[in-house]
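Structural characterization, general
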Amino acid sequence: MEWLVMSTERIGFIGLGVMGLPMARNLITAGFSLTVNDRVAERAAAVGKEGARLAGSAREVTENSDIVISMVPSSPDVEAVYFGRGGIAEAARPDLLAIDMSTIAPGVAKKVAEKAAALGIRTLDAPVTGGEIGAVQATLTIMIGGDADDVVRAMPLFQAMGKSVVHIGPHGAGQTCKLANQIAVAVNNLAASEALVFAASQGIDLEKCREVLASGSGSSHAFRTFAPKMLARDFKPGFTIDLQQKDLRLVLDTAFDAHVSLPGTALTHQLYSALQQAGGGKQAHIALIKAIERLSGVEARTSS
């Protein structure tokens, strides 16, 4: 089904980091009228040069928008953007739709939705996966929690930023799905790391081995996309270890409250903690292979 851009909807965007900046740019490209705010003035100024209106606070963004998107680092940041001084709630009105696309705890997403509803604000939680490349290329996967009517209203925005858009269920369901995704990302990353280090220890051709693994029954996005970068020692940050750890902490806290056992996730979290302790928190999350290499005394690389 084709969706038309609702040009009469004024859009606000709060949080112009690694993911938020290209997402905002894609909304401008799609023809939306955009008002933006970020704690780093230079980021907002960059989007301003492309046609966005600059605002000094989340409240000012909201006052000039019909739909407001937030893309910030953590649960406390989301709560501050919504209910802190100069926040979204100060400009509450019945026609306002607030969409949080950050990755936060499902329980916090539900609490935000309840508090916002009491003020007459409609909300969606709509976290994304696909990384910086997906944000730039507008190919993100977007998973949504909230009411169906609000999803329909926001669909033109989602389709300007992503390729796959799925309404998972009620408020908090989008965040739960995102955390499930982060489990798969982390554990597949560990599997790729262990497989490549094992192959390196046996002296076989690592690139040929990777090609086989990427096409066989053990294949995953990690083998197809991450493994070549691991072997080339390309650990430039896109999605960092620190951010991966933030997400895994959300997973483990949520699982603890539900008495759910996630041994693979817990192990991966501990290995990432060792890399953080060694000063590697700002490296790409695929640098997990370094932890396995250090434990094994073997380096897996194809570059000179």
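Before reading further, recall that the structure is shown in the block above.
Residues numbered from 1 in each chain as written. Predicted model: local features only at pLDDT ≥ 70, side-chain atom pairs only at ≥ 80, totals over all residues. Heavy atoms only, no water.

In this section: empty space enclosed by the protein. By the definition in use, this model includes one cavity of 30 Å³ or more. The computed volume of the largest cavity comes to approximately 70 Å³. Counting residues per element, the ones that place at least two in the lining of the largest cavity are helix 4 (75-83), helix 5 (106-118) and strand 6 (122-125). Of the residues in the lining of the largest cavity, the class split is seven nonpolar, two polar and two charged. (1 Å grid on protein atoms, 1.4 Å probe; cavity = no way out; pocket = protein on both sides within 12 Å on 5 of 7 lines; lining within 4 Å. Points joined across faces, edges and corners; volume = space filled by probe spheres on them. Helix = DSSP H or I, 4+ residues; strand = E, 2+ residues; numbered from the N terminus. Nonpolar A, V, L, I, M, F, W, Y, C, P; charged D, E, K, R; others polar.)

Right, let's talk about the packing of helix 8 (residues 173-201) against helix 13 (residues 288-296) for a bit. The relative placement of two packed helices is expressed as an angle between their axes plus a distance between the axes. For the pair helix 8 and helix 13, the least separation of the axes is 9 Å and the interaxial angle reads 40°. One finds that helix 8 runs oblique with respect to helix 13. In this structure, the crossing between helix 8 and helix 13 has a hand that is right-handed. For the pair helix 8 and helix 13, contact is made by A186, N189, L190, S193, E194, L196 and V197 and by L288, I289, I292, E293 and S296, respectively. Residue composition of the contact of helix 8 with helix 13, by class: seven nonpolar, three polar and two charged. (Axes fitted to C-alpha atoms, helices over the stretch in contact; angles between N-to-C directions. Parallel < 35°, antiparallel > 145°, perpendicular 65-115°, else oblique. Left-handed = near helix turned anticlockwise from the far one by under 90°. Contact = heavy atoms within 4.5 Å.)

With that settled, consider the packing of aromatic side chains. Applying the stated criterion across every chain yields a total of one aromatic pair. Ring geometry for Y82 and F83: centres 5.8 Å apart, planes at 50°, overall tilted. In this structure F83 comes out as partly exposed when scored by relative accessible area, which is 23%. In this structure, K115 packs its charged tip against the face of F83, placed 4.2 Å from the ring centre. (Phe/Tyr/Trp six-rings, centres within 6.5 Å; stacked < 30°, edge-to-face > 60°. Buried < 20%, exposed > 50% of the residue type's maximum accessible area, 1.4 Å probe, protein only. Lys NZ or Arg CZ within 6 Å of the ring centre and 35° of its normal.)

Counting residues in each nonpolar core, the largest one holds 35 residues, and the members touching the most others are F13, M23, L27, L34, I99, M101 and F158. Listing elements by their share of this core, those giving two or more residues are strand 1 (10-14), helix 1 (20-29), strand 2 (33-37), helix 2 (41-48), strand 4 (67-70), strand 5 (97-100), strand 8 (140-146) and helix 7 (148-161). With seven residues, helix 7 is the single largest residue contributor to this core. Setting aside residues up to four positions removed in sequence, I99 forms contacts with I67, V68, I69, S70, Y82, L124, A126, A154 and F158. Counting 31 residues, the second-largest nonpolar core is a separate cluster that includes C209, L271, I289 and A291. (Core = buried A, V, L, I, M, F, W, Y, C linked by side-chain atoms within 4.5 Å.)

One turn of an α-helix holds 3.6 residues; hence residues three or four places apart share an orientation. In a regular helix each residue adds 1.5 Å, so 14 residues correspond to 20 Å; helix 7 covers 19 Å between its end C-alpha atoms and thus fits that length. Maximum bend of helix 7: about 55°, positioned at A154, with proline P156 one to four residues after it. With ten of 14 residues buried, helix 7 lies mostly within the body of the structure. Among all positions in helix 7, only D150, V151, R153, A154, M155, P156, L157, F158, A160 and M161 are buried. (Expected span 1.5 Å × (residues − 1). Bend = angle between axes of the 7 residues up to and from the residue.)

What follows covers the layout of surface pockets. What the second largest pocket holds in volume is close to 150 Å³. Lining the second largest pocket are P106, T176, L179, A180, I183, V251, T254, A255, A258, V260 and L262. Put simply, the parts of the chain that give the lining of the second largest pocket at least two residues each are helix 8 and helix 11 (241-257). Tallying contributions element by element places helix 8 first for the lining of the second largest pocket, with four residues. Looking at the lining of the second largest pocket, its residues break down into nine nonpolar, two polar and no charged.

Of the two faces of strand 4, the one lined by I67 and I69 and the one lined by V68 and S70 are each fully buried. As paired strands, strand 1 and strand 4 are joined by four bridges and run parallel to one another. Each bridged residue has a counterpart across the sheet, and for F13 the counterpart in strand 4 is I69. Note that strand 4 and strand 5 share four bridges and pair parallel. In the strand pairing of strand 5, I69 is matched with I99. Crossover connection from strand 4 via helix 4 to parallel strand 5: handedness right-handed. (Pairing = 2+ DSSP bridges. Right-handed = clockwise from strand over helix to strand, strands pointing away.)

Moving on, we come to the pattern of salt bridges. Here the structure, examined in full by the defined rule, presents 20 salt bridges. Between R59 and E90 there is a salt bridge; the shortest N-O distance is 3.2 Å. Highlighted residues: R59 in helix 3 (residues 58-63) and E90 in the loop between helix 4 and strand 5, separated in sequence by 31 residues. Taking the relative accessible area as the measure of exposure, R59 reaches 34% and is therefore partly exposed. Residue K282 pairs with D242 through a salt bridge whose shortest N-O separation is 3.3 Å. Taken together, the positions of K282 in the loop between helix 12 (263-277) and helix 13 and D242 in helix 11 put the pair 40 residues apart, joining distant regions of the chain. On the basis of relative accessibility, which here comes to 25%, the residue D242 falls in the partly exposed class. Each of R233, E293, E299 and R301 takes part in one network of salt bridges that share partners. (Salt bridge = Lys/Arg side-chain N within 4 Å of Asp/Glu carboxyl O.)

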